[in-house]
Amino acid sequence: MLSYFVSYLVMASTYSVAALALNLQWGFTGLMNFGIGTFYFVGAYASALLTTGASPDYVGGFGLPFIVGLIGAMAISGLLAYVLAYPALKLRGGFFAISMLAISETIRLIVKNEKWLTNGVWGIRGIPQPTRALLGANLAEWVYLGLAIAILIIVYRLTEIGIRSPWGRVLNAVREDEKMAEMSGKNSWRVRMQSFVFGSMVMGVAGALYAHYIGFISPSSFTPLMATFIVWLMILLGGTGSNKGVIVGAFVVWGVWIGSEFLIDFLPSGITSKAGFVRMLLMGILLDVILLIRPQGLFGREKVISKLGSGSEN
Amino acid sequence: MLKVENLDKSFGGIHAIRNCSLIVEEETITGLIGPNGAGKTTMFNLITGFHEPDSGQVFFKDEDITDLTPHEIFEKNLFRTFQITREIQEMTVLENLMLIPRNQTGENLWNSWFNRSLVSQQEDQFKEKALEVLEFLEMKDRKYDLAMNLPGGEKKLLDLGRMMMAEPEMVLLDEPGSGVPPSLQTKVNDYVREISREQGITFLVVEHDMHIIMDLCDPIIVLVDGQTLTKGSPDEIKNNQQVIEAYLGT
């Protein structure tokens, strides 16, 4: 039971990292990214290919340390975001969202079909978990939990500092009225690009954390539900525009998701085989309930993002 | 200072600006008047990159700025205010002002993380300047109010405050008098005159209140149906038969 709880905390922390990244892009910049899976996916594969041992089935297998995998995941996700930003950021609102969703699915299908690159549908096994060989499985789980929480704290601090700085002030202006921000001398393209790239790098880190925890990844690990929409659900529940809120949202939604596994035992025998769909239905109902009862989420948007506007004289 | 040459702009079937040319001389407070629908705000939008002209050119200090984006035009020290105020609603009055200054170190994310002392130092300077502006505008007690909660007149003042923070070389003022209390309007006019005289700032002012225009501006350009009708001193404009007819619609 304890190891189940540790597993819950690791995965919830991993999703919290992705949710903070999405909150930066959507909550503070207004970029409706429906392609979180792209960067989550790319980060996971980048780190896996850099850190696993050599294999005759696919490229990579460099056997590099975990930290190199993490940096590689950030770098490749960031680079991909930078390239995608040129066409995608010309779009706004729903058009941007749909384009990101399409890109995400395209990349998932490329990975699925290019066996020489990623081992296709067979995925990549044996992704090393730091300290597992040294400390054994049980202790390594705790170490990994500490690592995941440490990364979550670092990402939280970096995003909090960013949004409460003049940079965050510009993000806020661009989110609310892009033309007005331009008229105030702010290069809205540049800040949207920075937010998109930084957020995507963080999503890549979340993907790497997932890959090294589970130890196996394949294209089916990154369905739109598990890589994109569940993260949206987390920030909607917690409160778009509140970093604390989205972390709470991630822990609650992930708890509901894994808790729903136990429901299978209570389902009538005729629909047990469809339990996966019932769980998805449950998430859909949760989304409806949030939107109907508390559309601003549990915490709601923080009205004031600059420390200068908080009433303090600092 | 500002030269508009053969500017043309249509919106669907509406020909808003028709091959229009005008010149604003340096260090003047030039008025731009005309009946409703004459194209005054459209002209402002075209000059500041808010809309793209169909044809024609805009020169600022002899530099072609026709194809520049609004933020690039701002960087050239050309600032505008809006007829219908556009503030960042979910930010405080103070933050709306502190958004404006150029070259903010903290607008670089890296500096926000790793050069915090420099960013804080600069923030203090901008805050001090913003508080001075609010003091002048008699809005100091509003500094932590969200801009969305300000009444119309104070939103207009906030717009002027943004101008004061920008320290531009030229300002396009779109109806600075609307919604502003008369006592403060006199103060604003005096301020515009003062900074024009002392700092050499050039103004192009659109205003429906003829008292303000006649009191503040010289020369005055009259725009009718998207074209320049005439240009002259307040007295010349007041007595120009074509202008009177354009306003009366005869």
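Please refer to the structure higher up on the page.
Let me begin by describing the structure that accompanies this report. (Residues numbered from 1 in each chain as written. Chains lettered and ligands numbered in written order. Predicted model: local features only at pLDDT ≥ 70, side-chain atom pairs only at ≥ 80, totals over all residues. Heavy atoms only, no water.)

Residue and element names in this part refer to chain B. As summarised here, the arrangement of the six strands in space is 6-7-8-3-9-10, forming an open sheet in which the pairing is mixed. Lying at the two open borders of the sheet, with one neighbouring strand each, are strand 6 (78–80) and strand 10 (227–232). Strand-to-strand twist of the sheet, defined as the mean angle between neighbouring strand axes without regard to direction, takes the value 20°. In terms of strand pairing, strand 3 (residues 29–33) meets strand 8 (residues 202–206) through four bridges, oriented parallel. Residue pairing for strand 8: L32 is matched across the bridge by V206. (Pairing = 2+ DSSP bridges. Helix = DSSP H or I, 4+ residues; strand = E, 2+ residues; numbered from the N terminus. Axes fitted to C-alpha atoms, helices over the stretch in contact; angles between N-to-C directions.)

Right, let's get into the pairing of strand 9 (residues 220–224) of chain B. Residues and elements named next belong to chain B. For strand 9, the buried fraction is high: five of the five residues fall into the buried class. By the alternation rule, side chains of strand 9 split into I220, V222 and V224 and I221 and L223, which are all buried. The sheet contact formed by strand 3 and strand 9 spans three bridges and is parallel. Each residue of the ladder has a partner; that of G31, found in strand 9, is I220. In sequence, strand 9 turns back onto strand 10 through a hairpin of two residues, with D225 there showing a positive phi of about 50°. (Buried < 20%, exposed > 50% of the residue type's maximum accessible area, 1.4 Å probe, protein only.)

In this section: the packing of helix 7 (residues 137–163) of chain A against helix 10 (residues 188–214) of chain A. Residue and element names in this part refer to chain A. The N-to-C vectors of helix 7 and helix 10 enclose an angle of 175°; their axes lie 11 Å apart at closest approach. With respect to each other, helix 7 and helix 10 are oriented roughly antiparallel. Residues E141, Y144, A148, I151, V155, L158 and T159 of helix 7 lie in contact with helix 10, whose contacting residues are F198, V202, V205, A208, L209, H212 and Y213. Of the residues belonging to the contact of helix 7 with helix 10, the class tally is 11 nonpolar, two polar and one charged. (Parallel < 35°, antiparallel > 145°, perpendicular 65-115°, else oblique. Contact = heavy atoms within 4.5 Å. Nonpolar A, V, L, I, M, F, W, Y, C, P; charged D, E, K, R; others polar.)

A few words on unusual backbone geometry. All names here are of chain B. Residue P219 is bonded to the preceding D218 through a cis peptide linkage, with omega at 10°. Mapped onto the elements, P219 comes out in the loop between helix 8 (210–216) and strand 9. Unlike most non-glycine residues, N6 shows phi in positive territory, near 50°. Residue position: N6 is located in strand 1 (residues 2–11).

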